[in-house]
Amino acid sequence: MSESSAEVVANAATAAVAASAAGAAGGWRRATGIAGVAIGVVAAGAAAGVALERMTVGRGIRQKARLALDSAGPYGSLRGMPGKAFADDGTELYYEVDELDPDAAPAALGPRRRRLFGRKAPAPVTVVFSHGYCLNQDSWHFQRAALRGVVRTVHWDQRSHGRSGRGVAQGRGEPITIEQLGRDLKAVIDAAAPEGPIVLVGHSMGGMTVMALADQYPELVRERVVGVAFVGTSSGRLGEVNYGLPVAGVNAVRRVLPGVLKAMGQRADLVEKGRRATADLFAGIIKRYSFASRDVDPAIARFAERMIESTPIDVVAEYYPAFNDHDKTEALVHFADMPVLVLAGVQDLVTPSEHSEAIADLLPDAELVLVPDAGHLVMLEHPEVVTDRLADLLTRTGTVPAGATVKGYGSTSSTAQPG
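Residues numbered from 1 in each chain as written. Predicted model: local features only at pLDDT ≥ 70, side-chain atom pairs only at ≥ 80, totals over all residues. Heavy atoms only, no water.

**A closer look at the pairing of strand β6 (residues 225–231)**
Moving on, step 1. Among the 7 residues in β6, 6 count as buried, and that is most of the element.
Moving on, step 2. One ladder, built from 6 bridges, connects strand β5 (residues 198–203) with β6; its direction is parallel. Opposite leucine 200, over in β6, you have valine 228 as the bridge partner.
Moving on, step 3. Where β6 lies against strand β7 (residues 340–345), 4 bridges are found, and the strand directions are parallel. Across the sheet, residue valine 231 finds its bridge partner in β7, namely leucine 343. (Buried < 20%, exposed > 50% of the residue type's maximum accessible area, 1.4 Å probe, protein only. Helix = DSSP H or I, 4+ residues; strand = E, 2+ residues; numbered from the N terminus. Pairing = 2+ DSSP bridges.)

**A look at the environment of glutamate 240**
Moving on, step 1. Looking at the element boundaries, glutamate 240 is found in the loop between β6 and α12 (247–266).
Moving on, step 2. Between the C-alpha atom of glutamate 240 and that of asparagine 324, which follows or precedes it by 84 residues, the distance is 8.9 Å.

**Concerning the nonpolar core**
Moving on, step 1. One finds Val201, Phe291, Leu343 and Leu380 to be the most contacted residues of the largest nonpolar core, which totals 41 residues.
Moving on, step 2. When residues of this core are assigned to their parent elements, the largest contribution, 7 residues, is made by helix α15 (residues 298–309).
Moving on, step 3. With 33 residues, the next largest nonpolar core counts Val188, Val210, Leu220 and Val342 among its residues. (Core = buried A, V, L, I, M, F, W, Y, C linked by side-chain atoms within 4.5 Å.)

**Focus on helix α19 (residues 383–396)**
Moving on, step 1. The first and last C-alpha atoms of α19 sit 20 Å apart over 14 residues, in line with the 20 Å expected at 1.5 Å per residue.
Moving on, step 2. Within α19 the residues assigned to the buried category are Pro383, Val386, Thr387, Arg389, Leu390, Ala391, Leu393, Leu394 and Thr395.
Moving on, step 3. A positive phi of about 80 degrees marks glycine 398, the residue just after α19. (Expected span 1.5 Å × (residues − 1).)

**A word on the pattern of salt bridges**
Moving on, step 1. In this structure the tally under the stated criterion is 23 salt bridges.
Moving on, step 2. The salt bridge involving arginine 172 is made with glutamate 174; its shortest N-O contact spans 3.3 Å.
Moving on, step 3. You can call glutamate 174 partly exposed: its relative accessible area is 40%.
Moving on, step 4. The closest approach of N and O atoms between aspartate 388 and arginine 389, which form a salt bridge, is 2.7 Å.
Moving on, step 5. Within the structure, one salt-bridge network assembled from shared partners comprises Arg79, Glu96, Asp98, Asp138, Arg144 and Arg148. (Salt bridge = Lys/Arg side-chain N within 4 Å of Asp/Glu carboxyl O.)

**Looking at the packing of helix α9 (residues 178–192) against helix α10 (residues 205–216)**
Moving on, step 1. Two numbers describe how α9 lies on α10: the axes approach to 7 Å, and their chain directions differ by 80 degrees. Between α9 and α10, the crossing angle belongs to the class labelled roughly perpendicular. Between α9 and α10, the contacting residues are Ile178, Glu179, Leu181, Gly182, Arg183, Leu185, Lys186 and Ile189 on the first element and Met205, Met208, Thr209, Val210, Ala212, Leu213 and Gln216 on the second.
Moving on, step 2. A per-class count over the contact of α9 with α10 returns 9 nonpolar, 3 polar and 3 charged. (Axes fitted to C-alpha atoms, helices over the stretch in contact; angles between N-to-C directions. Parallel < 35°, antiparallel > 145°, perpendicular 65-115°, else oblique. Contact = heavy atoms within 4.5 Å. Nonpolar A, V, L, I, M, F, W, Y, C, P; charged D, E, K, R; others polar.)

**Points about the sheet that holds strand β8 (residues 367–371)**
Moving on, step 1. Spatial strand order, β1-β2-β4-β3-β5-β6-β7-β8: 8 strands in an open sheet with mixed pairing. The two strands at the open ends of the sheet, each matched to only one other strand, are β1 (81–86) and β8. On average, adjacent strands in this sheet sit at an angle of 20 degrees to one another, irrespective of strand direction.
Moving on, step 2. One ladder, built from 5 bridges, connects β7 with β8; its direction is parallel. Paired with leucine 343 across the two strands is valine 369, which belongs to β8.
Moving on, step 3. Sheet strands touched by helix α17 (residues 353–362): β6, β7 and β8. Its angle to β7, the strand with the most contacts, is close to 165 degrees.
Moving on, step 4. With respect to the sheet, α19 is in contact with β3 (126–130), β5, β6, β7 and β8, its orientation differing from that of β7 by roughly 170 degrees.

**Overview of the packing of aromatic side chains**
Moving on, step 1. What the rule picks out here adds up to 6 aromatic pairs.
Moving on, step 2. With centroids separated by 6.1 Å and ring planes inclined at 40 degrees, the aromatic side chains of tyrosine 133 and tyrosine 319 adopt a geometry described as tilted. With tyrosine 133 in the loop between β3 and α7 (141–147) and tyrosine 319 in helix α16 (residues 313–325), this residue pair connects regions lying 186 residues apart in the sequence.
Moving on, step 3. You can call tyrosine 133 partly exposed: its relative accessible area is 23%. (Phe/Tyr/Trp six-rings, centres within 6.5 Å; stacked < 30°, edge-to-face > 60°.)

Next up, the structure:
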């Protein structure tokens, strides 16, 4: 996007804030529409290539394609034993447990591996997966499939996401904080994994959640956590991220987006209608900020769209301010004496890989993996890399045997052949 285009973005975004203020006096439909246009201008600049491609295909055909992908895609179909935990404010947190398969696990251990690990069965460890902003537990689909039966895993939905309840405190007008998410994770661990060693895995906001847990419950980390994986996340300074926009454009977004989101969140019903009407535009935005590869399977791209689209706009608005306040750099010290994996996509525009490098710099014994041709949803875009490095982390903790992967879940390239 050129500098002149950035000026257009800035002007449109400023108009959106003015429209939002006018909407407070009663003109909400007009305000929401103008705000939508402003966001659309930013979106068009960020995803011009995708938008141009979509102009050549009829809207009806695109809608049929989405329906076909929804019905055919197996992604997000894995389910485990359901459970509920309750946060300190009463919010209901939904989780699922995939138990260790006692028959499958020993069979995976050949004589060499038995000598290596010094035992005939994996250690009784629970791997707890925390997902990112506007996603849900299904975002770990490939890793869940790979580890199923090999190790006990817990997948949960963050408050107001997925199958978890809306935040009770937020219903009272209290702002969401990353600290609250750390306490939510503690409630899930207490309910789903009250005993035994734990490996914590967090993507994006989920990684921040893990850091907040360590900051507030260092004794839990010291006594029970045996490994941690940070995937596409940050320990702070998110207010400096430019999202791939030029200076003028990003400054405009930073200035107006909080106000626009707040205004839109207050009239979520109208915004959701507009959101559905502009599904094609937002599909381009989602693809732009989720993936970097050109040949991502359309079913995977649609799967990501569905997760993000399912997050209500008022939830999007509730969470956004918390990221600027996030700073858990000092909490990383609690992971210094254990196996750590830090992994990121080189072309991640949401939590740039430099943020992962900063985490690794503070944890010099951590394994740092930077994945070329990968964006923010690296665990969906290049699952074979994420699963392989995660399996290696679990091997280093003594949790599972080497090679804890599964055929058929290794690639999401549209040109890949079945495994």
